[in-house]
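Structure at a glance
One letter stands for each residue in the lines below.
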Amino acid sequence: MTTVAPFTKSTQVQYQNETAACMVGWDNKVVRFNEAMLIGETGIASDDKALKFASDSSRFLKLSDEFDGDFFRGKYIDSAGCGFNIDIHWKIDENGSLFYQAVDGSLNERITMTESDGLRFTIKAFNHQTRWQAALQFATDEGEVWSDTITFISASDVPNVTTIQPPVVPEGQPQPRPPGIANGTILDDGRACEYITP
């Protein structure tokens, strides 16, 4: 099942090699993330941006210019299924990649632009989730490589998602997982939320 684990295990070196092979430039320049593109002017929230993913239009990476140590704050949001709204820290690396990590340490991801027509941007990403380490013996430099196309939208246009929590069960009773949700996934990956009662 696609929500349980990646189909193939990849290393960060493989990700870097695949990204380099996909890079399309013009006039000896390549497209890359920068802070001005994502947050506009520091201290002005109205020009903050979010990444909207073409392959799953219910998912957003909402970025803010609120600084927290070496990172900015943001949210990884899914408005489908049970939904999720994960607090993240993000920054732009020296090579122009966008790096973000869940504040609770459960996942991290690196996203690199490979091509653009000025409105849409193709990306190559490397995702690592800590749950894969114990269950699937992933090393900290191993994860999933994936590709997508993104557009930038205003951060204020991202839906406000409240995660639907599982029903409360009596004390001493085991908490059943709802049917249809893959065991082990921390995100439930867009599956229909079985917690909702008609």
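Residues numbered from 1 in each chain as written. Predicted model: local features only at pLDDT ≥ 70, side-chain atom pairs only at ≥ 80, totals over all residues. Heavy atoms only, no water.

**Some details on the environment of Gly40**
Here Gly40 lies in the loop between α2 (35-39) and β4 (49-53). The partly exposed category is assigned to Gly40, whose relative accessible area is 30%. As for Gly40 and Ser64, which are separated by 24 residues in sequence, their C-alpha atoms are 9.8 Å apart. Ignoring any residue separated from it by four or fewer positions in sequence, one finds Gly40 in contact with Glu35 and Asp47. (Helix = DSSP H or I, 4+ residues; strand = E, 2+ residues; numbered from the N terminus. Buried < 20%, exposed > 50% of the residue type's maximum accessible area, 1.4 Å probe, protein only. Contact = heavy atoms within 4.5 Å.)

**As for the nonpolar core**
Core analysis: the biggest nonpolar cluster contains 25 residues, and Phe33, Leu38, Leu51, Leu61, Trp90, Leu98 and Ile111 have the highest contact counts within it. Broken down by secondary-structure element, the contributors of at least two residues to this core are α2, β4, β5 (59-68), β6 (71-78), β7 (84-92), β8 (98-102), β9 (107-116) and β10 (121-129). For this core, the element with the highest residue contribution is β7, accounting for 5 residues. Leaving out residues up to four positions away in the same chain, Ile111 has contacts with Tyr15, Phe33, Leu51, Leu61, Ser97, Leu98, Tyr100, Ile123, Lys124 and Ala125. If you look at the next biggest cluster of nonpolar residues, it comprises 5 residues, including Phe60, Ile77, Val158 and Val161. (Core = buried A, V, L, I, M, F, W, Y, C linked by side-chain atoms within 4.5 Å.)

**Structural notes on the pattern of salt bridges**
Enumeration according to the criterion identifies 9 salt bridges in this entry. Ionic pairing is found between Asp78 and Arg59, a salt bridge with its closest N-O pair at 3.3 Å. Placement of the pair is Asp78 in strand β6 and Arg59 in strand β5, with a sequence separation of 19 residues. For Arg59, a relative accessible area of 11% corresponds to the buried category. The residue Arg73 makes a salt bridge to Glu66 at a minimum N-O spacing of 3.7 Å. (Salt bridge = Lys/Arg side-chain N within 4 Å of Asp/Glu carboxyl O.)

**Quick look at the environment of Ile44**
Relative to the helices and strands, Ile44 is located in the loop between α2 and β4. Taking C-alpha positions, Ile44 is 9.4 Å from Ser64, a pair spaced 20 residues apart along the chain. Ignoring sequence-local partners within four residues, the contact set of Ile44 consists of Ile39 and Asp65.

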